[in-house]
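# Inside the fold
The residues making up each chain are set out below.
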Amino acid sequence: RRERKLAEREIGAMQPAVQTPLRWSDAPITYSREDQWNDYSNPGRYPLILEPIMSGSIVSRTLIDGGSGLNVIFARTIKMMGLDLSKVLIPGDTAFYGIVPGKAAIPLGQVTFPVTFGTKENYRTEFITFEVADFASSYNAIIGRPGLAKFMAIPHYVYLLLKMPGPNGVITIRGNLKKSHICDHE
């Protein structure tokens, strides 16, 4: 309740006259026909699945979901990364809704990991906080609006692409259509 009041005060005290540009906001991100798949029927049908590096491990089957207000990682994923859940978990008690149909999901807690997108020549790393869920999913992690905002990333679900500003220009990450198809069926 206190955090909500502080946020409301901050919003109420905003002065629109002087703007401070956000970090990375000067990189224009565009999409064109060159980004489009060649032989792909039914565009927009499959989820955007990427493979970022989280805490030194490649995490395949990471769903990019701009409609989600949460970043979620699953307990089994943390174990697969070779990390001890008890050492990285920050306790929490907030339930979230909409992931398990008809039920509230109680996360085990939160973790904060460095998440990296890009190539050796052009990459970005940001620290992202995830809710840790302990139930089955076809995904290993879900990066929602909070994570996308931190990267200033823009997903394109028809082209199965994610673009974000990087230190050496725009970083473009193409999704894997086969993995998207497999996750969708699971």
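Here we summarise the structure given alongside this text. (Residues numbered from 1 in each chain as written. Predicted model: local features only at pLDDT ≥ 70, side-chain atom pairs only at ≥ 80, totals over all residues. Heavy atoms only, no water.)

Another aspect to go through is the pairing of strand β12 (residues 161-166). The buried fraction of β12 amounts to six of the six residues, a majority that puts the element mostly inside the structure. The alternating pattern of β12 places Leu161, Lys163 and Pro165 and Leu162, Met164 and Gly166 on opposite faces, both of which are buried. Relative to β12, strand β11 (residues 154-156) runs antiparallel, the two sharing three bridges. Its bridge partner being in β12, Ile154 is matched across the sheet by Lys163. Linking two consecutive strands that pair antiparallel, namely β11 and β12, is a turn of four residues; a positive phi of about 50 degrees is found at Leu160 within it. Where β12 and strand β13 (residues 169-174) come together, six bridges link them in antiparallel fashion. Of the residues in β13, the one forming a bridge with Met164 is Ile171. Between β12 and β13, which pair antiparallel and follow one another directly, the connecting turn spans two residues. (Buried < 20%, exposed > 50% of the residue type's maximum accessible area, 1.4 Å probe, protein only. Helix = DSSP H or I, 4+ residues; strand = E, 2+ residues; numbered from the N terminus. Pairing = 2+ DSSP bridges.)

Moving on, we come to the packing of aromatic side chains. Enumeration according to the criterion identifies four aromatic pairs in this entry. Considering the side-chain rings of Tyr31 and Tyr159, the 6.4 Å spacing of their centres and the 55 degrees angle between planes classify their relative orientation as tilted. On the criterion of sequence distance, the pair formed by Tyr31 in the loop between α1 (2-12) and β1 (48-50) and Tyr159 in the loop between β11 and β12 is long-range, its members being 128 residues apart. Classification of Tyr159 as buried rests on a relative accessible area of 14%. Ring plane angle 75 degrees and centroid distance 5.5 Å describe the contact between Phe74 and Phe135, whose orientation is recorded as edge-to-face. Here the residue Phe74 occupies a position in strand β5 (residues 72-74), and Phe135 occupies one in the loop between β9 (123-133) and β10 (141-143), the gap between them amounting to 61 residues. Residue class for Phe135 comes out partly exposed when judged on its relative accessible area of 24%. Between Arg124 and the ring centre of Trp24, over which it is positioned, the NZ or CZ distance is 4.1 Å. One Lys or Arg, Lys163, reaches over the ring of Tyr31 and ends 4.7 Å from the middle of that ring. (Phe/Tyr/Trp six-rings, centres within 6.5 Å; stacked < 30°, edge-to-face > 60°. Lys NZ or Arg CZ within 6 Å of the ring centre and 35° of its normal.)

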